[in-house]
Structures are given as C-alpha cells and as structure tokens.
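Descriptive analysis of the structure
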Amino acid sequence: GFVAFNGSDVQIKHFADGRWQIQGVMLPAPEEGPLRIPPKIQALLQDTSIYLHDIQLDWVDEQRNNQHLVIKDVNIALLNDAPRHQLTVDLDLPQTYGGHVQLLADISGAIDQPDQWQGRMYMALEQIQLKSWFNDYWQLFDFTANGQLDANVWIDWQQLQVNTAHAFVSGKNLKLH
C-alpha cells in the first residue's frame, strides 16, 4: 500500500510521565513493558509506504520545561517492505535551534518487535545552535554552551544496542561555561 500526506499538520506530545501521543493516539507508557507499537499503527506500517511532504510538526515536550517547537516543511518517507523498513527525514529546524537536518535509516525486523530491530542510520546536522539546545533540552549539564556545530553521524545497532558509532563534527565560536 501507499499513503501520502501533503501539507498536513502532525502533533506529537511527550508527557512528563514518559508517555507519547501522536495525532491523538496514546502509545504505551515505558513502564508498561517492552517497547510496543499500537495494533492500528502496526497494521498501517506492515507493508505500507508512507510519505509526508511539506508537513508542519507541532512538538510539545513536557519533560523539557514544556518546550513547544513548530517545525515547518518537514519531509518524511517511510518505505515498508517487511521485514525491511527505510526511513528518510529531511527538515529545517527553527532558526534559533539550527539549520538543516537529514536522517536516513535502514532497519530490519518485524514491525511489531521494535526491540529486536537492527539497522544502520546516518544523520547530518547543520548549524546546530548550542545555546538553544543546552538551555532548553540538556539541563543535565551544569554549564551552558554557545556556538554552532555541524555533524555527520553513522550508527549501526541491533536490539536497541549501538554496535558502532562514527561521527565527524566541526564547530564555530564554541564556548562552554
């Protein structure tokens, strides 16, 4: 099958208790057992390719000081040919957070057993603004940061464990304080 959405809005909410809601569909809380995908979404993902073009992503994260981001012009392609799944994400972050982000993933495994998946992922990040990310998302650190980063990251994983990770990172005007 094939599903395409052009110019739609997608709402994702991450609740303070760890639960997720996507387009009004609640995903199981993390403490309720292994990572599970709701049956309605499993059925859609089994052998259906999904294309989201020029989407507006509305993201609310209650775990991170109720951060609310609106990311426009998001393009996502999810090609499903069980047991293989390929994902491409292409977007421009809000200017205060950075520039262009691209993610490519090639995943193998049964759609209903994400904890058994294995795969490879590549991510390219451009002009990531450290100050906004450290202020808004990384309160675990006892310092703040300024400057911007570009990065290319390659990851291989199996059963939720990273086997290898390689990164090329460059930065400008970096300051940790």
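In the block above lies the structure referred to throughout.
This section reports on the structure supplied with the text. (Residues numbered from 1 in each chain as written. Predicted model: local features only at pLDDT ≥ 70, side-chain atom pairs only at ≥ 80, totals over all residues. Heavy atoms only, no water.)

A few words now on the overall build of the protein chain. The secondary structure content of the protein chain amounts to two helices and 11 strands. Secondary structure of the protein chain in N-to-C order comes out as β-β-β-β-α-β-β-β-β-β-α-β-β. Relative to its full complement of 177 residues, the protein chain shows a buried share of 32%. Relative to all contacts within the protein chain whose residues are 6 or more apart in sequence, the contacts with residues 24 or more apart total 49%. Of the roughly 11,000 Å² of accessible surface on the protein chain, 54% is carried by carbon and sulfur atoms. (Helix = DSSP H or I, 4+ residues; strand = E, 2+ residues; numbered from the N terminus. Buried < 20%, exposed > 50% of the residue type's maximum accessible area, 1.4 Å probe, protein only. Contact = heavy atoms within 4.5 Å. Areas by Shrake-Rupley, 256 points an atom, 1.4 Å probe, with all protein chains shown as cover.)

A few words now on the nonpolar core. Residues Leu57, Ile71, Val74, Leu91, Leu93, Met121 and Trp157 are the most contacted members of the largest nonpolar core, which totals 29 residues. The leading source of residues in this core is strand S5 (residues 49-61), at five residues. Once you skip the residues sitting within four places of it in the chain, Trp157 turns out to touch Ile107, Trp117, Gln118, Gly119, Arg120, Met121, Val162 and Asn163. (Core = buried A, V, L, I, M, F, W, Y, C linked by side-chain atoms within 4.5 Å.)

Taken as a whole and judged by the stated rule, the model has four salt bridges. Linking Asp17 and Arg19 is a salt bridge whose minimum nitrogen-to-oxygen distance equals 2.7 Å. Residue Arg19 is classed as partly exposed on the basis of its relative accessible area of 28%. Asp156 is paired through a salt bridge with Arg120; the nearest N and O atoms lie 2.6 Å apart. Taken together, the residues Asp156 in strand S10 (residues 145-158) and Arg120 in strand S9 (residues 118-129) connect sequence positions 36 residues apart. (Salt bridge = Lys/Arg side-chain N within 4 Å of Asp/Glu carboxyl O.)

This part is about the pairing of strand S2 (residues 9-14). Only one face of S2 is buried, namely the one carrying Val10, Ile12 and His14, since none of Asp9, Gln11 and Lys13 on the opposite face is buried. Of the strand pairs in this sheet, S2 and S5 are connected by six bridges, and their pairing is parallel. Following the sheet pairing, Asp9 is matched in S5 by Gln56. Sheet topology note: the S2/strand S3 (residues 20-22) ladder contains three bridges and is antiparallel. The residue of S3 that forms the bridge with Lys13 is Gln21. Where S2 hands over to S3, the hairpin turn is made up of five residues, of which Gly18 adopts a positive phi near 95°. (Pairing = 2+ DSSP bridges.)

Take the packing of aromatic side chains next. Overall, the coordinates contain four aromatic pairs when judged by the stated rule. Ring centres of Phe2 and Tyr51 lie 5.0 Å apart, and the angle between their planes is 45°; on these two criteria the pair is classed as tilted. Pair noted here: Phe2 is in strand S1 (residues 2-6) and Tyr51 is in strand S5, with a separation of 49 residues, a long-range link. Residue Phe2 is classed as exposed on the basis of its relative accessible area of 59%. Since its relative accessible area comes to 30%, Tyr51 is described here as partly exposed. Ring geometry for Tyr97 against Trp133: centres 5.0 Å apart, planes inclined by 70°, an arrangement best described as edge-to-face. (Phe/Tyr/Trp six-rings, centres within 6.5 Å; stacked < 30°, edge-to-face > 60°.)

For the bond from Ala82 to Pro83, the omega torsion is 10°, close enough to zero to count as cis. In this structure, Pro83 sits in the loop between strand S6 (67-81) and strand S7 (84-92). Of note, the phi angle at Gln159 is positive, near 50°, even though the residue is not glycine. Considering the arrangement of structural elements, one finds Gln159 in the loop between S10 and strand S11 (161-176). A positive phi angle is found at Asn173, which is not glycine, with a value near 55°. Asn173 sits in the exposed class, given a relative accessible area of 67%.

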